[in-house]
Amino acid sequence: MSLEAALALSFPFAVIIQLFITGIYTVSTGFAARAEQEVEKGNYRRFRLLANGTLLMFVAMGFILGFGAAFQVKGLERLVGAIPQWLTEGLGTAGKILPAVGFAVILSAMVRWDTIPFLALGYVMAAYLKLPVLAVALASAALSWIAYGKRPIAEGPEKGAKRMGTGGRGKGESRTTKAG
């Protein structure tokens, strides 16, 4: 099986597996309530089966998919051979751009205007300076810590004192002299 064929199949198989996962969660929705009813009846064997039902279904699905993939290679090759070339190329292209789409979705949820410089700096460190991910993460943590320390202190004695670590007490005050 060629790399393009494998990429072409990765997207449909991922969608099918996601459908299986959704189906398992749908089927096992009422397991918790039924398990509680079995405990009230004193049927602990049935309770254990229901309490572990979702896990057992995932294990069964994994076994079936793994067994099918391991022993049905020729069937998969026939399936790939039956897929038209235009569809294989289109799904291959979709498989190649999928990581970029996922990255864009994550960025749209997480990035704010005040964090864009950190994102750009991390990208430069990883892409151009060829630093490992751990080095980028540690440098980012240090820069975030510095940026957090440079924030202006909030107005008022309560917020400012809490930020400085005095627990809301002003300078020179102890716990016993604080009113209220």
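Everything discussed here concerns the structure shown above.
Numbering of residues begins from 1 in every chain and follows the order in which that chain's sequence is written. Selection of residues for local features in this predicted model requires a pLDDT of at least 70, selection of side-chain atom pairs for listing and counting requires 80 or more, and totals for whole chains, interfaces and linings are taken over all residues. Calculation of side-chain values draws on the structure's entire complement of heavy atoms; hydrogens and water are dropped beforehand.

A. Layout of the pattern of salt bridges. By convention in these notes, a salt bridge is any Lys or Arg side-chain nitrogen within 4 Å of a carboxyl oxygen on Asp or Glu. The final tally for this structure, using the stated rule, is two salt bridges. When the shortest N-O distance is used, the salt bridge between Lys41 and Glu38 registers 3.9 Å. You can see Lys41 and its partner Glu38 sitting in helix 2 (residues 31-41), three residues apart, about one turn around the helix. Any residue under 20% of the maximum accessible area for its type is buried, any over 50% is exposed, and the rest in between are partly exposed; the area is computed with a 1.4 Å probe on protein chains only. With a relative accessible area of 64%, Lys41 lands in the exposed category. Strands are runs of DSSP state E lasting at least 2 residues, helices are runs of H or I lasting at least 4, and numbering of each runs from the N terminus.

B. Structural context of helix 2. Looking only at helix 2, the buried set comprises Phe31, Ala35 and Glu38. Looking straight down helix 2, one finds that the buried residues subtend no more than 60° of arc, so they occupy a single side. With respect to the buried face of helix 2, the exposed residues turned more than 90 degrees away are Glu36 and Glu40. In the stretch just after helix 2, Gly42 is the one whose phi turns positive, near 90°. Think of it as the arc spanned by the lines of direction from the helix axis to the C-beta atoms.

C. Fine view of helix 6 (residues 85-110). Here helix 6 contains 26 residues, and its C-alpha end-to-end distance of 38 Å stays within 8% of the 38 Å for a straight helix at 1.5 Å per residue. Two axes enter the definition of the bend at a residue: one is fitted to the seven residues ending there, the other to the seven starting there, and the bend is the angle between them. Of all bends in helix 6, the biggest is about 40°, found at Ile97, and the proline Pro99 comes one to four residues later. Listed in full, the buried residues belonging to helix 6 are Thr88, Leu91, Gly92 and Gly95. Given a helix with a known number of residues, its expected span is that number minus one, times 1.5 Å.

D. Representation of the packing of helix 7 (residues 116-127) against helix 8 (residues 133-149). To get an axis, fit a line to the C-alpha atoms, keeping to the stretch in contact for a helix; angles then go from 0 to 180 degrees between the N-to-C directions. Running from N to C, helix 7 and helix 8 cross one another at 150°; their axes reach a closest spacing of 10 Å. When the interaxial angle is binned, helix 7 and helix 8 end up roughly antiparallel. Between helix 7 and helix 8 lies a crossing of right-handed hand. Contact with helix 7, carried on its side by Phe118, Leu121, Gly122, Met125 and Ala126, involves Ala135, Val136, Ala139, Leu143, Ser144 and Ala147 of helix 8 and no other residues of that element. Each residue receives one of three labels: charged for Asp, Glu, Lys and Arg, nonpolar for Ala, Val, Leu, Ile, Met, Phe, Trp, Tyr, Cys and Pro, and polar for the others, Gly being one of them. In the contact of helix 7 with helix 8, the residues fall into nine nonpolar, two polar and no charged. In these notes the angle categories are as follows: under 35 degrees is roughly parallel, over 145 is roughly antiparallel, 65 to 115 is roughly perpendicular, and the rest is oblique. Left-handed describes a crossing whose near helix is turned anticlockwise from the far helix through less than a right angle; right-handed describes the clockwise counterpart. Any two residues having at least one pair of non-hydrogen atoms within 4.5 Å are treated as being in contact.

E. Quick look at the packing of aromatic side chains. Whether two aromatic rings pair depends on their centres lying within 6.5 Å, for rings of Phe, Tyr and Trp, where Trp uses its six-membered ring; planes under 30 degrees apart make the pair stacked, over 60 edge-to-face, and the rest tilted. Evaluation of the coordinates by the stated rule reveals three aromatic pairs. Centre to centre, the rings of Phe63 and Phe67 are 6.0 Å apart; their planes meet at 20°, and the pair counts as stacked. Of this pair, Phe63 and Phe67 both sit in helix 4 (residues 53-71), four residues apart, roughly one helical turn. Here Phe67 falls in the partly exposed class, since its relative accessible area comes to 46%. For the ring pair Tyr123 and Tyr128, a centre distance of 6.2 Å and an interplane angle of 85° mean the geometry is edge-to-face. Given the relative accessible area of 53%, Tyr123 is considered exposed.

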